[in-house]
Amino acid sequence: MRRHMQILTVIAALTAPYGMAEAQTLDDARIANINKATDSFLALAKDSHTSGQPPRYSDPAVKPLLDAVLDTKQIDAGKPLPWSDVQKLNDWSKAATKIGLVYYLAGTGTKDVNVVAKDPKLTVKANQNTITFAPEFGRYYDAQIKLHSAMIDTASAQVLAATPEQRKDPEFRRTLNTISDAAAKSVIGLLHTFVLEGLPDEWQFQRVALLLQMTPKAAKFMAPDDRHALRNAAAEAATQIKNPDVKSGVNAIARAFATF
């Protein structure tokens, strides 16, 4: 009952008005530290695609590296960063992706995600890794959703501040579309995990609650094709999810993306 009431509270937030707070900044030193930690982690994980044993968060030598890349407290306040920091957020997201791929590809025998996508047996193995390495994947998805949410915050603030001429600028429009597309792919990737057998209910619940927090601004900001893809992915996932709380949350996401 406690979890059910909590998720209903988050669902209610879908109808709340969305506003912008004042900007903060993301310094270059933080991004440099993130990239350095990523390189150190990748060095430790260099054979994990064959060994199937990537560095774990429980290892005292690994924990500070993962924390450096996946800890998003600096941007958790919900305040939009300056438009000039969008590239930094993107670089941060790319670093996190490199770590996520280590866990996804562990034991597949390849470092190429396209090879896995073309081989059903390798796809099953990679999907199983989401369950085997659920603690690390949970932190990875949390970081990615928060980073894409921050990019949406920043982009939305820039749209509000821009002149009509600036909003029509082709390069500006391309950047907005890129942010929309990347966020949609990240959310859809997480939605697909909810249908896997073996993930703890609490793991799923925490991630769907995070998606529900992101949904109002994402649904308002995203390009129509990305909203449509997200709506379909959520609706399809909901048909296969067994946990009623998670199913309810994912259905709420599907409805939210269908209303714009």
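Source: prediction; values computed, not measured.

Caption draft 1: Structural context of the pattern of salt bridges. This model, assessed by the stated rule, comprises 13 salt bridges. Across the pair Asp85 and Lys88 runs a salt bridge whose closest N-O atoms are separated by 3.2 Å. Accessibility expressed as a relative area gives 3% for Asp85, which makes it buried. Across the salt bridge formed by Asp181 and Lys185, the nearest N and O atoms sit 3.2 Å from each other. Taken together, the residues span about one helical turn, with Asp181 and Lys185 both in helix α10 (residues 170-193) at a distance of 4 residues. The class of Asp181 is partly exposed, set by a relative accessible area of 30%. Since its relative accessible area comes to 57%, Lys185 is described here as exposed. The network of salt bridges with shared partners includes Asp28, Asp85 and Lys88.

Caption draft 2: Focus on the environment of Leu199. Tracing the backbone shows Leu199 in the loop between α10 and α11 (201-221). Residue classification places Leu199 among the buried positions, given a relative accessible area of 5%. With 66 residues separating them along the chain, Leu199 and Phe133 place their C-alpha atoms 9.9 Å apart. Residues in contact with Leu199, not counting those within four places in the same chain, are Thr130, Ile131, Ala134, Thr193 and Gln204.

Scoring rules and cut-offs
Residues numbered from 1 in each chain as written. Predicted model: local features only at pLDDT ≥ 70, side-chain atom pairs only at ≥ 80, totals over all residues. Heavy atoms only, no water. Salt bridge = Lys/Arg side-chain N within 4 Å of Asp/Glu carboxyl O. Buried < 20%, exposed > 50% of the residue type's maximum accessible area, 1.4 Å probe, protein only. Helix = DSSP H or I, 4+ residues; strand = E, 2+ residues; numbered from the N terminus. Contact = heavy atoms within 4.5 Å.

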